[in-house]
Amino acid sequence: MKAAIIMGSTSDLSKVEPAIEILKNYGVKVNVRCLSAHRAHAGLSEFMKEVNEDGTEVVITAAGMAAALPGVVASQTVLPVIGVPLSGSVLDGMDALMSIVQMPSGIPVATVAINGSKNAAYLALQIMANKHEELKKALLEDRKAMETSAMKANEEVQARFS
Ligand code: RP5
């Protein structure tokens, strides 16, 4: 199982790290790059050539501000591309959200919430789980554990106020 994560700047790293950790915890090999669509477009295209040929199954992209990265990546592959809009500008991530989500027909980017890198990782895992049965099992088990913990929280709240 192999995924790529591309961010636009090293200033994005702390918001992207949770996704890297989640993917690694599920045994996914993750190629992480910092390649801005605006500042390093040639290097980005070079990397996308690799990604298209090395068995990568999903690409997660994260960027703030004008956030062209996810769309530019999507234009260079038919692999599923997930976009994470990042906050940090005066517009607090709304700029990146609008930029990433408003793709022209035919070049989709699956856009998650502002700073939603954890869900980007889980969505990537779910995509890969279509092909990897063990991963699907692990995700289903974790969903069960999540439900158990949510129901326990409910019981605690109920007990406290009854
Ligand atoms: C975007 O511009 C990056 O993804 C980052 O979120 C933002 C600011 O980048 P720096 O000026 O901090 O490098 O391209």
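Residues numbered from 1 in each chain as written. Predicted model: local features only at pLDDT ≥ 70, side-chain atom pairs only at ≥ 80, totals over all residues. Heavy atoms only, no water.

Student: Which residues make up the overall build of the chain, and what are the values?
Tutor: From N to C terminus, the chain includes six helices and five strands. Counting from the amino terminus, helix and strand elements in the chain follow one another as β-α-β-α-β-α-β-α-β-α-α. Dimensions of the chain, computed from C-alpha atoms along their principal axes, come out at roughly 60 × 40 × 30 Å. Here the chain holds 162 residues, and 40% of them are scored as buried. For the chain, long-range pairs separated by at least 24 residues make up 67% of all intrachain contacts whose partners lie at least 6 apart in sequence. A total accessible area of about 9,200 Å² is found for the chain, and carbon and sulfur atoms account for 55% of it. Here the chain contributes 15 positively and 17 negatively charged side chains, and the mean placements of these two sets differ by 1 Å. (Helix = DSSP H or I, 4+ residues; strand = E, 2+ residues; numbered from the N terminus. Buried < 20%, exposed > 50% of the residue type's maximum accessible area, 1.4 Å probe, protein only. Contact = heavy atoms within 4.5 Å. Areas by Shrake-Rupley, 256 points an atom, 1.4 Å probe, with all protein chains shown as cover. Lys, Arg positive; Asp, Glu negative; His and termini not counted. Charge placed at Lys NZ, Arg CZ, Asp CG, Glu CD.)

Student: Outline the environment of Leu 135, listing residues and values.
Tutor: Tracing the backbone through its elements, the reader meets Leu 135 in helix H6 (residues 133-160). Spatially, the C-alpha atom of Leu 135 lies 7.6 Å from that of Leu 125, the residues being 10 residues apart in sequence. Sequence-distant contacts of Leu 135, defined by excluding residues within four places in its chain, comprise Met 1, Tyr 26, Leu 125, Met 128 and Ala 129.

Student: Can you lay out the domain arrangement of the chain for me, pointing to particular residues and giving the numbers?
Tutor: When the domains of the chain are assigned, the result is domain 1 (2-131) and domain 2 (133-162). One C-alpha centre belongs to domain 1, the other to domain 2; they are set 29 Å apart. Taken together, the contacts link six residues of domain 1 with seven residues of domain 2. In this assembly, domain 1 packs against domain 2 so that about 560 Å² is buried in total across both faces, 66% of it on carbon and sulfur atoms. If you sort the residues of domain 1 by the area they bury against domain 2, Tyr 26, Gln 126 and Ala 129 come out on top, with a joint share of 73%. Here domain 1 is connected to domain 2 by zero salt bridges. Its residues assigned to classes, the side of domain 1 that touches domain 2 shows four nonpolar, one polar and one charged. (Domains from an automatic or database assignment. Buried area = accessible area lost by both parts, 1.4 Å probe. Salt bridge = Lys/Arg side-chain N within 4 Å of Asp/Glu carboxyl O. Nonpolar A, V, L, I, M, F, W, Y, C, P; charged D, E, K, R; others polar.)

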